[in-house]
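Here is how the chains run, residue by residue.
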Amino acid sequence: PTLATAVADPPRDDARRGLLLIAVAIVLTALNLRTAVNSVGPVLAEVQADLGISGGGAGLITAAPLICFAVIGFAGPPLSARFRDGHVLAGSLLAMTAGLLLRAAAGSFAVFVAGTVLAMVGGALGNVLLPGLVKRYFPHRTGLLVGAYTSALTAGGAVAAVTAAPIAETAGDGGWRWALGIWAALALVAAVPWLAVRPHGGASRATHTAVRTSDLLRSRLMWTFAVFFALQSVQAYVLVGWLPSYLRDEGVTAAAAGLLLGFNQLLVIPVHAVVPALTVRQRLQRPLLVACCAGYVVGWGGLWAAPGLAWLWMVPLAVGLGVFAMVLAMLGMRARTPQSTGALATSVQGWGYVIGGFGPLLVGVVLDLTGSYVGMFAVVLAGVLGMLVTGWSVTRERYVDDELRVPDAASPRG
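Residues numbered from 1 in each chain as written. Predicted model: local features only at pLDDT ≥ 70, side-chain atom pairs only at ≥ 80, totals over all residues. Heavy atoms only, no water.

## Looking at the overall build of the chain
So, point 1. A tally of regular secondary structure across the chain gives 19 helices and zero strands.
So, point 2. Scored against the burial criterion, the 414 residues of the chain give a buried share of 52%.
So, point 3. Restricting to contacts in the chain with at least 6 residues of sequence separation, those with at least 24 account for 84%.
So, point 4. Of the roughly 17,200 Å² that the chain leaves accessible, carbon and sulfur atoms contribute 69%. (Helix = DSSP H or I, 4+ residues; strand = E, 2+ residues; numbered from the N terminus. Buried < 20%, exposed > 50% of the residue type's maximum accessible area, 1.4 Å probe, protein only. Contact = heavy atoms within 4.5 Å. Areas by Shrake-Rupley, 256 points an atom, 1.4 Å probe, with all protein chains shown as cover.)

## Notes on helix 17 (residues 358-370)
So, point 1. In this model, helix 17 (13 residues) spans 18 Å end to end at C-alpha, consistent with the 18 Å of a helix rising 1.5 Å per residue.
So, point 2. Those residues of helix 17 that fall on the buried side of the exposure criterion are Gly359, Pro360, Val363, Gly364 and Leu367. For helix 17, the angular spread of the buried residues around the axis is 140°, confining them to a single face. Facing away from the buried side of helix 17, by more than 90 degrees, are the exposed residues Phe358, Leu361, Asp368 and Leu369.
So, point 3. Phi turns positive, to about 70°, at glycine 371, one or two residues after helix 17. (Expected span 1.5 Å × (residues − 1). Arc of directions from axis to C-beta.)

## Description of helix 13 (residues 285-305)
So, point 1. Here helix 13 contains 21 residues, and its C-alpha end-to-end distance of 30 Å stays within 8% of the 30 Å for a straight helix at 1.5 Å per residue.
So, point 2. Buried within helix 13 we find Gln285, Leu288, Leu289, Cys292, Cys293, Gly295, Tyr296, Gly299, Trp300, Gly302 and Leu303.

## Looking at the packing of helix 13 against helix 15 (residues 323-331)
So, point 1. Running from amino to carboxyl end, helix 13 crosses helix 15 at an angle of 150°, the nearest separation of the two axes being 10 Å. In terms of orientation, helix 13 and helix 15 fall into the roughly antiparallel class. Considering only the axes of helix 13 and helix 15, their crossing is left-handed. Where helix 13 approaches helix 15, its residues Gln285, Leu288, Leu289, Cys292 and Tyr296 are matched on the opposing element by Val323, Met326 and Met330.
So, point 2. When the residues that make up the contact of helix 13 with helix 15 are grouped by side-chain class, the tally is seven nonpolar, one polar and no charged. (Axes fitted to C-alpha atoms, helices over the stretch in contact; angles between N-to-C directions. Parallel < 35°, antiparallel > 145°, perpendicular 65-115°, else oblique. Left-handed = near helix turned anticlockwise from the far one by under 90°. Nonpolar A, V, L, I, M, F, W, Y, C, P; charged D, E, K, R; others polar.)

## Observations concerning the packing of helix 13 against helix 18 (residues 374-394)
The axes of two packed helices give the description: the angle between them and the distance between them.
So, point 1. At a minimum axis separation of 10 Å, helix 13 and helix 18 run at an interaxial angle of 175°. Between helix 13 and helix 18, the angle is such that the two are roughly antiparallel. Contacts from Arg286, Leu289, Val290, Cys293, Tyr296, Val297, Trp300, Leu303 and Trp304 of helix 13 reach helix 18 at Val374, Met376, Phe377, Val380, Leu381, Val384, Met387, Leu388, Gly391 and Trp392.
So, point 2. A per-class count over the contact of helix 13 with helix 18 returns 17 nonpolar, one polar and one charged.

## Quick word on the packing of aromatic side chains
Given two aromatic rings, one states the distance between the centres and the angle between the planes to describe the pair.
So, point 1. Within this structure, the stated rule accounts for 10 aromatic pairs.
So, point 2. With a centroid separation of 5.3 Å and an interplanar angle of 45°, the aromatic rings of phenylalanine 69 and tyrosine 353 are classed as tilted. In this pair, phenylalanine 69 sits in helix 4 (residues 55-73) while tyrosine 353 sits in helix 16 (residues 338-356), placing the two residues 284 residues apart along the sequence. Side by side, phenylalanine 69 and tyrosine 353 carry an identical accessibility label, which is buried.
So, point 3. Taking 5.1 Å as the distance between ring centres and 80° as the angle between the ring planes, the aromatic pair formed by tyrosine 246 and phenylalanine 377 counts as edge-to-face. Taken together, the residues span a long stretch of sequence, with tyrosine 246 in helix 11 (residues 220-249) and phenylalanine 377 in helix 18 at a distance of 131 residues. (Phe/Tyr/Trp six-rings, centres within 6.5 Å; stacked < 30°, edge-to-face > 60°.)

## Brief notes about the side chain of arginine 334
So, point 1. Here arginine 334 is to be found in the loop between helix 15 and helix 16.
So, point 2. A distance of 2.9 Å separates the side chain of arginine 334 from the side chain of glutamine 285, its partner in a polar contact.
So, point 3. Of note is the side chain of arginine 334, whose polar atom sits 3.3 Å from the backbone oxygen of threonine 395. (Polar contact = N/O pair within 3.5 Å; in protein donor to acceptor, adjacent residues only side chain to side chain.)

## Structural notes on the nonpolar core
So, point 1. In terms of nonpolar packing, the biggest core is built from 105 residues, with Trp194, Trp300 and Leu303 touching the most fellow members.
So, point 2. Top element by residues in this core is helix 11. It accounts for 12 residues.
So, point 3. In contact with leucine 303, not counting residues within four places along its chain, are Leu243, Tyr246, Leu247, Ala310, Trp313, Met314, Leu317 and Phe377.
So, point 4. Counting 15 residues, the second-largest nonpolar core is a separate cluster that includes Val43, Val47, Ala58 and Ala168. (Core = buried A, V, L, I, M, F, W, Y, C linked by side-chain atoms within 4.5 Å.)

## Remarks on a nonpolar patch on the surface
So, point 1. On the surface, Leu217, Trp223, Val227, Val354, Ile355, Phe358, Leu361, Val365 and Leu369 cluster together into a nonpolar patch covering about 810 Å² of accessible area.
So, point 2. Among the elements that line the nonpolar patch, the one with the most residues is helix 17, at four residues.
So, point 3. The residue valine 227 is located in helix 11 in this model. (Patch = residues over 30% accessible without salt bridge, like charges linked within 9 Å, V, L, I, M, F, W, Y side chains within 5 Å. Salt bridge = Lys/Arg side-chain N within 4 Å of Asp/Glu carboxyl O.)

## Let's talk about the environment of valine 128
So, point 1. In this fold, valine 128 is placed in helix 7 (residues 109-137).
So, point 2. Valine 128 sits 52 residues away from glycine 76 along the chain, and the two C-alpha atoms are 6.5 Å apart.
So, point 3. Apart from residues no more than four positions distant in its own chain, valine 128 is found in contact with Gly73, Gly76, Gly342, Ala345, Thr346 and Gln349.

## Quick look at the environment of leucine 145
So, point 1. Among the structural elements, leucine 145 can be located in helix 8 (residues 142-171).
So, point 2. On the basis of relative accessible area, leucine 145 is assigned to the buried category, the value being 8%.
So, point 3. Separated by 10 residues in the primary sequence, leucine 145 and lysine 135 place their C-alpha atoms 9.6 Å from one another.
So, point 4. The residues touching leucine 145, leaving out its near neighbours within four places in the chain, are Ala23, Val134 and Phe138.

## Quick word on the state of the cysteines
So, point 1. Taken as a whole, this structure holds zero disulfides when the rule is applied.
So, point 2. Between cysteine 293, a free cysteine, and cysteine 292, which holds the nearest cysteine sulfur, the sulfur-to-sulfur gap is 7.0 Å.
So, point 3. Judged by relative accessible area, cysteine 293 falls into the buried class, the value being 4%. (Disulfide = S-S within 2.5 Å.)

## Things to note about the side chain of threonine 97
So, point 1. Structurally, the position occupied by threonine 97 is in helix 6 (residues 85-104).
So, point 2. Residue threonine 97 is classed as buried on the basis of its relative accessible area of 9%.
So, point 3. With residues up to four places along the chain from it excluded, the contact list for threonine 97 reads Ala184, Ala187 and Leu188.

This is the structure in C-alpha cells:
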C-alpha cells in the first residue's frame, strides 16, 4: 500500500467504527421504545389493587403513552437543533430509567402517573429522532436500518408484554413493581453508546438549519401523512387494547387471549424486518399498502365471522401491522434533509397520535352504548378504507421541503 493509502485507512476505519456504534445505539434505543408501555397491561389489575386506582384512573394510565408521545415528541427538533442528538437521546434514556424506577417504587396514583410521564420521555423522543438519524448517517441503507430498529421496537414490546405477568408472579407480593422496574436496566444500557458517539466533523450550530414543526402546519403532505399515521395507530391500539376483551367475550380464556396477542406480536417481528427494505423501492409502496390493508380486512373480517379460528386470523393481522414499518421508512423518503425528516417525523407522529387516540376511545364508547363489539369492527374496517385513501396519496413521490421551500440543511451533527 502507498503512504497515502496508509494515511487514509485509519480515518476510514474510524468512520466505520463510528457508524457501527451509531447503528448499535439506534437498535438499543428502539428496544426500549415500547417496554414502558407494553409491560403495564398484564399487571394493571395488581397495580390498581395495590395503589387503590379507580377504573377511570386505569383509563388515564393506558391513555398516558399516546398523550406523552404526542406532547413530548414535539420537543425533539428544538432539542436536536440546540444540542447533539447523541446527548439528547442519552438524556431521554436516563430520564426513562429514572421514570421506570419511580413508577416501580410508587406508593400513590399521582407518583405512578409522574413516573409514567417521565418514563415516556425516552419513547417519545426516540420515536421522532430515530428517522432523522437514519436519514443522516445511513442514507443508502435506510431500509436495512429502519427494518432493524422497527424489529427491535416490536421485539422489546413483545418481550415486555409476555414476561410481565410471569415476573410479577415469580417475585411474589408486590411483584408488579419488579415487572415494571426491571426495564430500567435496559434503558440505562442503551444510554451508554450515545455518550460515546463523537460529534460529526465540520458540524456546528451556525451551519445547522433547524426546521420548525410549526412550518409544517401548512403542508398538505404532512397532514395527509398524519391522518395516515393516525389510522394505522388506531388499528394497532384497538388490536392491543380491545382484541383480548373481544376474545374473552367469545369464550376464550384470559390466558389464551394473551397467548394469541403474543403470537401476533411474534409474527410482526419478521414482517417489520422485511417491509422497510421493500418500502424504499418507490414502485413497491402501493402494492405493499394494498397488501397491508388486505391483511387487516381479512384478519378483522375473519375474527368477526369466525372468532373460533382466532389463531388463523392473527397471521393476516400481522401482515396488516407491517404498515407501521412502512410509515417509518417513508418518513425519510418524503423529506430531503435530516432536519426536515426530523420535523416531519415529529409532526406526523405528534398529530397522528393526537388524532389516533380517539379511535380506541370511540370503540369503548360504542361498546358502552350498544353492548356489542360490532362497533369495534365498524371502526377498524372504516379505518382501513381511510388508510388506503390517505396512504395512496402519501406513496406519491414528493417532498415536504418542496411545499415549504425549506433550504438544504447543513452537515450532520453527532
